[in-house]
Structure formats: C-alpha cells, structure tokens
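Residues per chain are reported as follows:
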Amino acid sequence: MPMSQAFENRLLPVLDEICDYYGTPFHIYDEAAIRETGRNFMKAFSRLNGFREYYAVKALPNPRILQIVQDLGFGFDCSSIAELILSRQIGARGEDIMFSSNNTTAEDFKAADADGGCILNLDDISLIAKVPQMPETVSFRYNPGPGRSGNSIIGDPVESKYGVADSQIIDAYKAAMERGARRFGLHTMLISNELNADYMVETAAMLLEVAARVSKTLNIRMEFINIGGGLGIPYEPGQKPLDIFAMAAEIADLFAAYKAQNGYEPEFCIESGRYMTGPHGVLVTSAINQKDIYRKYIGVDASMAALMRPAIYGAYHHITVVGHQVTQRFEKVDVVGSLCENNDKFAVQRLLPEIQDGDHLLIHDTGAHGHSMGFNYNGRLRPKELLLRSDGSVELIRREETVADYFATLNFASQVLIPSLSAKRNAA
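What counts and what doesn't
Residues numbered from 1 in each chain as written. Predicted model: local features only at pLDDT ≥ 70, side-chain atom pairs only at ≥ 80, totals over all residues. Heavy atoms only, no water. Helix = DSSP H or I, 4+ residues; strand = E, 2+ residues; numbered from the N terminus. Contact = heavy atoms within 4.5 Å. Buried < 20%, exposed > 50% of the residue type's maximum accessible area, 1.4 Å probe, protein only. Arc of directions from axis to C-beta. Polar contact = N/O pair within 3.5 Å; in protein donor to acceptor, adjacent residues only side chain to side chain. Pairing = 2+ DSSP bridges. Right-handed = clockwise from strand over helix to strand, strands pointing away.

Peer 1: Residue-level account of the environment of alanine 212, with values.
Peer 2: Mapped onto the elements of the fold, alanine 212 is located in helix 8 (residues 197–218). Apart from the residues within four sequence positions on either side, alanine 212 is in contact with Tyr258 and Asn262.

The structure is reproduced here in structure tokens:
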C-alpha cells in the first residue's frame, strides 16, 4: 500500500539530501513506524497468557533491525545457522530463539545446541533420531494435509515440504519423550501474506484441537502454541488491512475456552516478519534511462537483485515518483532494471506521473523479503540499507556490495582430488 503519511512526512523533506550523500539505490527503513507497529501488536495480544512474538529473521536480517524488535521484547524465528548467529550476536539466548529449519543438517543441529541453545522446532518425525542431544523443550511443525488450504506463495499443505503429518503427530511427541524431552510446543505455518483474520483464527483453533488430542493421549501438557507467521500487509492501494485487534480478540476467546476445558492455557506465540517491518521500508532508486519501442520503459539503477518479489510472484509494489515537480500528466510504463532477464521489472504497464531521467522513485513495502531475497545474477550487486532513526538522523546499517565481495569466494587455496584407482574400477 502507499507508505504511511507519517513515514512520508519524515522521509520526503530530506530525501534529496539522503540521495546526494549516500547515492542510490538503497533500502531505507523507518524506525519510528517499526516501533509503533510492535507496540500495537503487543497491545492487541495482551489478553493472551505469556504472549511472545518471534520476529522472522528471514524477513529483514539486519542486526540494527533485530535490535529494535528485541527492544520491544520480541524473540527471533530462525531457520539457518547464519540467522542463529545474527540473533545471538545481539544477545538472544535459549528460549529467545525458535529454530524452525527443514531438511536439517548435522551442522544445523550443532549450531542450534551451541551458545545457550534455543527452542528446537522439528519439521519431520525422522529428525528425532538425528538430534545429537534432545533438548528439554521441543516443538513440532504440524502439517494438516487436506484438512486446510494454503495459497500460491507457500502452497497447499498436501504438497508442502513442511511439517509432520497428522497421522504422525502423536508418534512424534512420543518418540521425543523417549529421547528425554519434557516440555512441549506445537507449531504450524500454512500461509503467507494473509489478510483474512478468520483464516488465522481457524489456524489457532486447529492447533488447540491437535494440542488437546496429543495431551490427552500422551498425558503431557502443551506449553505453547505457535501459529507461525503469514500475517499480510495490503500492498495495493484500496486493499483492506488485516484487523489485528479483532483477530487477537477471537484467538484470546479460543484460548480461554481451552483453559476452561483442559484446566490450563498454553502460551501463545506468533512469528510475524512481514507485518512488523514490511510497510516500513522503501527501495529508493533513480531513473537513468527511457526506452520507447512497442511500449515505454523507464530504466532505473536498481534491479531485481534488490527486490525480486515482482519478478517471482508477480507481486505488486506501489511506486511513488519524486525528485521534481510532479505534473498531472501520466503515462503507462514498465519500470525495469538492468538484468539480462525480461522479468526484471518492478512494474508492468503501470500508470505513473511522467518521469524524467534523474527522478527518484520510491518502491514501497520493501521492509520484508526485499534485500534479504537479493542475489547476484549477472554479477549485479545488492544495494546498501539505511535506517531513518526516530530522531531524524539517517544511519548506514549495511553497505552496498562491492566487486571485491563478488570475487571473494574465488580467493581460496587450490584443492584437487585425484580419485583412487579402486574407485575408478568400481565406477566402471
């Protein structure tokens, strides 16, 4: 959706100065808005026992952003060794971290257990035997199969690679108990960018039903329920935002009913990333070229290496044209980058104010799954990240990649393996 009026009021008066000082392209994030969203989130779920948000590090894996959400009392949802390290570097330990990996390696398990450990959220029943030392607290990611539907981003549960099947869920907890687990949680992640609060409420109800079934069968207490992430933001103008307060109120009622029936209430967790930071970032890029053939193209100095959602999902990101006195004259254009890929486009046949070379374009809602999904195809380099701090100053929180960075992985000691003759004979 269009950036908030408050973000616009903070950014636009100083944008030219920022561009002159740092150069384009760059992602810039609004600290004040991130903090406000986090406070409102905590307020919405305040009725729930021991509520905890585990910020999805994959959405915006920058230490300065993680420090901000940590200040709000959030933990971190991690799915890789690098994300574990990022979280621990700012002081997260133990139950501050939920580690939800899939196709988990021995190295992943070793990292999860190191440096204070974490809550281990297992994705597959076969992983139980592969955990070197079963922690006291363990959770399982539940996949309901045909019982629920998903969406085009994450896929339907039946064909999803994630989670433990319904038919396996009781056996999974039983096997974990046999290996020493004593405290338990239940997790799922079924959808991405969901604006329908009812879907998320239904997910909470589903998990509570599963928790009751597992608890009764195995005589255990489910200490927390984690409905995953997937809370959406309205990328397009006119889309109705997710009603977080209504959603939280209905979930609180479900948990109260569970307590009345079962004698206790699990803690409630969620792992939102996009909802927390997505609307509070923009990609700032400059128009550098115009091409007018069968349609008109506006070339900019960013590419899908900096924001690939439009290319891989056909996702809409709103665009604001700034940098000159915007006229009332509009034209239909494609806004494109410089990769050797025809889908390197931020907008297709978008009606925008007439753009001149040198104008700045703000591509909205890049505060989640923007820079973090970047890549280096064509040897293109990812841009810098900036933070518009609450006091109005602008901090560089990640420098842009350099050609030296790109070639760094080619700087290594030579290694050559000469297979043994016996191996060659066996291959023959």
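From this point, things continue past the structure.
Peer 1: Please give an account of helix 4 (residues 63–71) that cites residues and values.
Peer 2: Taken as a whole, helix 4 has its buried residues at Ile65, Leu66, Ile68 and Val69. Buried residues of helix 4, viewed axially, fall in a sector of 155°; they line one side. Taking the backbone nitrogen of arginine 64 as reference, a side-chain oxygen 3.0 Å away marks asparagine 62 as the first, capping residue of helix 4. Phi for glycine 73, located one or two positions after helix 4, is positive at around 95°.

Peer 1: How would you sum up the pairing of strand 8 (residues 183–187)? Please name residues and give values.
Peer 2: Of all the five residues making up strand 8, four are buried; the element is thus mostly covered by neighbouring parts of the structure. Across five bridges, the pairing between strand 6 (residues 137–143) and strand 8 is parallel. When the bridges of strand 8 are listed, arginine 141 appears paired with histidine 187. Judged from the four bridges that link them, strand 8 and strand 9 (residues 222–226) form a sheet pairing that is parallel. Looking at strand 9, one finds that histidine 187 is bridged to asparagine 226. In this region the chain leaves strand 8, passes through helix 8 and returns to the parallel neighbour strand 9; the handedness of that crossover is right-handed.

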